[in-house]
Structures are given as structure tokens and as C-alpha cells.
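Structure at a glance
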Amino acid sequence: MPTYIIIIIAIVILVLIPGLLYVKMLKRRRINRQISSTINKKQLNNDVLIPMVDEVLRSGKKVILELRGNSMLPFLRDARDKGLLTHSNGHDFKVGDPILAEVDTPNNEVRYVLHRIVKIEGDKITLRGDGNIGIETCSRDKVIATVIGFYRKGRTHLDRIDSMKWRIYSWFWTRLLPIRPYLLAIHRRTVLRFFTLDDYKDYSYLKNTNNKEITINKDTTMRIKNGFEMKTVCGEYMVNAVGEETLDYSNIVSMNESSALLWEKMKEKGDFTPDDMAKALIEVYEVSYEQAYKDCVNIAKSWVDAGLCEE
């Protein structure tokens, strides 16, 4: 056998075949990583989230929104508390009310705040966060929503802004403006130091809402619950609860492409099992049934844990 033929065969055996196998392995790993990771809580930037909220509010529904930032300390905290919002027609608010608005900025950048009204002069509205000293301004047409109340410290009870509790708090705090910096400094060095966010944070989107051991096998029949919808936002698949009157934008769940595919197929199917999920998966992805089934059991558990489907 000529030497050059032996060299070619050696190259194929030692380089080309291992290279093809390595590429296939990387592809399989990518598919497995994509399938295995299914549920995450998603936090959208305000420039994406608030226009979505505004659209829903204009349709006549209410929205639950997770609060961001500590500008409303000490009563409200970042990523801990939530606000129940309703659409504002530009007239149904007064001094002392918290509102969601797009405020004026020196360089005309889009900036949204949820702060308290401290002054109304015709079309001009002046706002100040309870944890701030400075003010912002906006016009009436830039008011997106008024606040009905707040869900604080992970509670399901709504603290309404027209309640006696909120009125008393507001009356005292707004009159403490001259010494507010000192009170806030004490608050940050005491309460915020010893009580972390984890003391109050709502992890219900990652918990087993049934409070029982979840056992899922090949014959376990499940169904996606009513009241959830999936949207594609900025190239990502997101699921959030949709009530008849209220949409919850505080617990938006994101899914990857494979999970979103299964979600749509199983929602259309109605009752389904992990076996149905695995068969749907191998129709699209180059993955063995055994691996697809294993991953689909994990996905199904995460859906049940997150309260998205039921057995």
C-alpha cells in the first residue's frame, strides 16, 4: 500500500473522525443544557416592562408590579414589596398619592418612578420618593398609573392607600422632611442591616405550591393551569399569571426555547404525561428518548413547583 494512502487513512482515523465526534458531543451538550434549564424568575428592564404594563392598564385591567429601588423607604423596599396599580386618566389623584409616571429628565431620557405626589399646579405634577430629598416633575399625560395599595413583606393582604394605616403613616412621614436624611441613615444602619431581603422575599414561584412531595413517573397525567399566558419579549419566552381583572407582573417566569416549545404543545394537547413531552421533544431535537424523558420529568416537576400545571 502506498505511503500516502496510509497517511490519509491515519489522518482520517486520528483527526477527522474524533473531530466529528467532538462536534457532535458539543451539540448534544448544548441541547442537553438547553433542555435541562427551564424555570427562572425574570426581571425586565423598565424600558421594556412599563410600556407592557401601560398597555394592560389601558385595557381596563389592574397590574401587580414588584417595586424596584429604595426611593420609597422606609415603608416600601426594593424587590420585597409589590404595588397594585390601576390606570390613571390624568385626573383621579391628589397630593399625597403614590403614582407611576414618566418624569422629566435634563437629557430627555426615558425614566419611570413610583413616587408620592407633593404638589399639583395645573398640568405640572411634582413628585418625591419617601426615601428621597430631591424632587421630580412630570405632566399629567405622563402619569401611567395610580396605586390602589401595596403588598408588603410577602403578605397577601393589601395595604390600601385610602386606609387609616397609610394615611397616618403618610401624614407623619411627609412632615418629617427636614430630618428625613437622619432618620433614613438610622434606618439603613439598623433595620436594613439586620433584616435582609431574604427575610421577606417571596420565593413562591420556585416552591412546591402543593406543600407535598412531587412524584412524577411515565404515567403521571398533568394539565397546564388556566390563567397563564406566554409572550415573547426581547427574544425571550415569558409566562405570567393572567386574571380576569388583574395581571401579575411581579412574578414573570422565563423559559428557554425547548421548554417554551413543550409548553405550547402540552397546552394544546390538554392532558399530558412526561412520555408525551419526551416524544414531542425528540421530534424536534437530536436527543435520545431516555435523555429526553429524564429532562422532561425535571421540567414537569419545575412546572408543578412553580404552580404552572397540576397533576
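See the structure shown above.
Residues numbered from 1 in each chain as written. Predicted model: local features only at pLDDT ≥ 70, side-chain atom pairs only at ≥ 80, totals over all residues. Heavy atoms only, no water.

Reported here for the largest pocket is a volume of approximately 320 Å³. Along the wall of the largest pocket there are 20 residues; nearest its centre are Leu67, Arg68, Tyr112, Val113 and Leu114. Listed by contribution, the elements that provide at least two residues to the lining of the largest pocket are α2 (46-58), β2 (62-66) and β5 (112-121). Per element, the largest residue contribution to the lining of the largest pocket is four residues, and it comes from β5. When the residues that make up the lining of the largest pocket are grouped by side-chain class, the tally is 10 nonpolar, five polar and five charged. (1 Å grid on protein atoms, 1.4 Å probe; cavity = no way out; pocket = protein on both sides within 12 Å on 5 of 7 lines; lining within 4 Å. Points joined across faces, edges and corners; volume = space filled by probe spheres on them. Helix = DSSP H or I, 4+ residues; strand = E, 2+ residues; numbered from the N terminus. Nonpolar A, V, L, I, M, F, W, Y, C, P; charged D, E, K, R; others polar.)

It is worth spelling out a nonpolar patch on the surface at this point. Nonpolar side chains collect at one region of the surface, where Met164, Ile168, Trp171 and Phe172 lie side by side and expose about 470 Å² of accessible area between them. Within the element layout of this structure, Phe172 appears in helix α3 (residues 164-174). When its relative accessible area of 51% is taken as the criterion, Phe172 is described as exposed. (Patch = residues over 30% accessible without salt bridge, like charges linked within 9 Å, V, L, I, M, F, W, Y side chains within 5 Å. Areas by Shrake-Rupley, 256 points an atom, 1.4 Å probe, with all protein chains shown as cover. Salt bridge = Lys/Arg side-chain N within 4 Å of Asp/Glu carboxyl O. Buried < 20%, exposed > 50% of the residue type's maximum accessible area, 1.4 Å probe, protein only.)

Turning our attention to unusual backbone geometry. With an omega of 0°, the peptide bond between Leu73 and Pro74 qualifies as cis. By secondary structure assignment, the location of Pro74 is in the loop between β2 and β3 (82-87). In the Ramachandran plot, Asn108 falls in the positive-phi region, its phi being about 60° despite a non-glycine side chain. Within the fold, Asn108 resides in the loop between β4 (98-102) and β5. Phi is positive for Lys153, close to 55°, though the residue is something other than glycine. Positionally, Lys153 belongs in the loop between β8 (143-151) and β9 (159-160). Judged by its relative accessible area of 30%, Lys153 is partly exposed.

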